Amino acid sequence: MSLSLALNTARASLSATSTQIETTARNIGNAGQPGASRKIAVTTTEASGGAYVVAVSRASDSALYTRMLGATSNAADRQAVLDGLNRLRTGMGDPAGDSAPAARIGALGDALAQFANAPDDPAFGVRAVTVAQDLATALNAAATTVRTVRTDADAGMARSVVRVNDLLKQFAAENDAVVKGTGAGRDVSDALDRRDTLLAGIAEEMGVTAVSRANNDLVLYTDGGATLFETVPRSVTFKTTPVLAAGMAGQAVMVDGVSVTGADAAMPLRSGRIAGLAELRDRSAVTLETQLDSMALGLVQAFAETDQSGTGAPDAPGLFTDGTANLPAQATGLAARLAVNAAVDPARGGSPSLLRDGGINGAAYVANAGGQASFADQLQATGTALADVRDFDPTAGIPARSTLADFAAASTGWLEGQRQVAAGAADSEYALLSHASTALSNATGINMDDEYARQLDLERSYQASSKLIAVINGLYDALFQAVR
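On a predicted model such as this, the values are computed, not experimentally measured, just so you know.

Each value, and the rule that gives it
Residues numbered from 1 in each chain as written. Predicted model: local features only at pLDDT ≥ 70, side-chain atom pairs only at ≥ 80, totals over all residues. Heavy atoms only, no water. Pairing = 2+ DSSP bridges. Helix = DSSP H or I, 4+ residues; strand = E, 2+ residues; numbered from the N terminus. Contact = heavy atoms within 4.5 Å. Axes fitted to C-alpha atoms, helices over the stretch in contact; angles between N-to-C directions.

Student: Where do I start with the sheet that holds strand 4 (residues 218-222) in this structure?
Tutor: In a beta sheet, neighbouring strands pair by backbone hydrogen bonds and run either parallel or antiparallel. Sheet architecture is open: 4 strands sit in the order 3-4-5-6, paired in antiparallel fashion. At either margin of the open sheet sits one strand with a lone partner, and together these are strand 3 (208-212) and strand 6 (232-233). In this structure, strand 5 (residues 227-230) lies alongside strand 6, joined through 2 bridges in antiparallel fashion. When the sheet's bridge partners are listed, Glu 230 is paired in strand 6 with Val 232. In this fold helix 4 (residues 122-184) packs onto strand 4, strand 5 and strand 6, with an angle of close to 35° to the strand it touches most, strand 5.

Structure representation (C-alpha cells):
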C-alpha cells in the first residue's frame, strides 16, 4: 500500500469516527428526552479501503410505533369515560349506603308505614315529609351532577379540538421540514422524532392512522376514515353546545366539514379522548339522566292525589311536584326539578296531615272527609302505590317494568357495571400502552450504557487512526529528508 493511499484511508477513518463519536454524544445528550430515538451514523467502505459516513439515520420500528399510537388513543378514550362515570357514581351516592336513591326510597316507604301505624302522631308526618325532602334533594343533586358532567365533557371536547388544531399546525411544519430535508439528502432524524411526538399527541385526542409517501411525507386519517392532514392540515371544528337539554345530544365535532361524533356521524371516531367524551356526554350520562327522570316521574305518580268528589277531576301532584320556579324547565329533566309540595312542608306553612287526609289540591281531593285522627287509608294506599310494579321509560337501559325501589337499585347497579367495565378496559389499554411503549423504547430508545461503551470503542479507533496518520507523517518526513 502506498503512503498516499494509507494516508487517505486513515483520514477517511478519522472523519467517519469523528462523526460517529458526535452521533453518540448526541444520543447521550438526548437521553431521557420524550420522543428521542437512537441516532445511527451509517458508514460504508470505499473501493480504496477508506470508511466514510453515508448518512445519519435513526432507529425505528413502524409496527411497534403504530401499536403504541393505537393504545394511546384507546387508553385516552376509556379514561375519559371512566373519569366521568366516577363523578356520576359520586353524585349518585354510595351504592351500599343510605344515600343511594334505592335506600332513600326504602326509607320513605318505612316513614309512610310508621305514619300509617300512628296517623294521629304529627311527628311521624313531619318525619315522612323530611325523608321525602331528602329523597328529592338527592335526586336533584344526582341530576345536577349529570348535567355538570355533560357540560364538562362538552367543554373538554372543545379543548381537545383546539389542541388537535394546534398540533396539526406544528405537525405541518415538521412534516414540511422532513419532506424537504429528505429530498435534499439532509439529516432529518430530529425532525422525524418531533413529528412522531406530535402524532402521538394527536392520537391522544382522536384515533389516527398515518400513511407514508415519497420523501417520508405522511398523510393522516382519523380511525373513522376522515382526512386529517394531507400536505396541509384539515380544519377540525366544534361549537360548544349552548344548552345541553335533558336527553338531547350535543354538537358534533367536524373534520373538514364531516361529522366524526354523534349518532349521525358520517365517519365516526372509534377512539381517542374526543370519542370518549362524546360517548360520556351523549350516551352514558343521558342514560343515567333518563333513569333519574323516570324515578322522579314514578314518585310524582305514586303520590298523586285522585279526585274524591266524583266529578272526574284529573289526578294532581301530591307529596312530590314539578318545582320549576328557579330552574329552566327546557334544559333540565324532572329529577332536577323535583320538589316536595309546599302544602305539606311545615317550614313553608304547610301541614303534613294532608298526607294522611288528602286535599293538597283542594276539597275535591280530600279523602278523610270526617277529619278522623286515626284515618290511615290514604297513607296505606300511598304506601301500596309506592311499592307497586309500574312501567318506566324503555330507553333507560334497565328493566322497564319494576317497583320504584327495584328500578332505583337497578340504576345504581347499571352505573356500577358501566364503571367497572370502563375501569377494566382502561387498565387493559394502559397495560397494552405500557408494553408497547417499553418495546418501542427497547427497540429505538437510547441506552446510556451502550452509548458510553460505543463511545469508548470509537475513541480507541480515533486514536488508532490518529497514530497511523502520525506514523505516515513521520515516514513522509524521512522520505523528504532522504530526497534532499
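Student: Mind showing me how you'd approach the environment of Arg 419 here?
Tutor: Mapped onto the elements of the fold, Arg 419 is located in helix 10 (residues 404-444). With 331 residues separating them in the primary sequence, Arg 419 and Leu 88 have C-alpha atoms 9.4 Å apart. Leave out the neighbours within four places in its chain, and Arg 419 touches Leu 82, Leu 85, Asn 86 and Arg 89.

Student: Help me understand the sheet that holds strand 7 (residues 236-237), please; the structure alone is not making it clear to me.
Tutor: The strand order across the open sheet built from 3 strands is 7-8-9, with neighbouring strands paired in antiparallel fashion. The outermost strands of the open sheet, each flanked by one partner alone, are strand 7 and strand 9 (258-259). As paired elements, strand 7 and strand 8 (residues 254-255) share 2 bridges and run antiparallel to each other. Bridge pairing in strand 8 links Val 236 to Val 255.

Keep in mind these values describe shape, not function.
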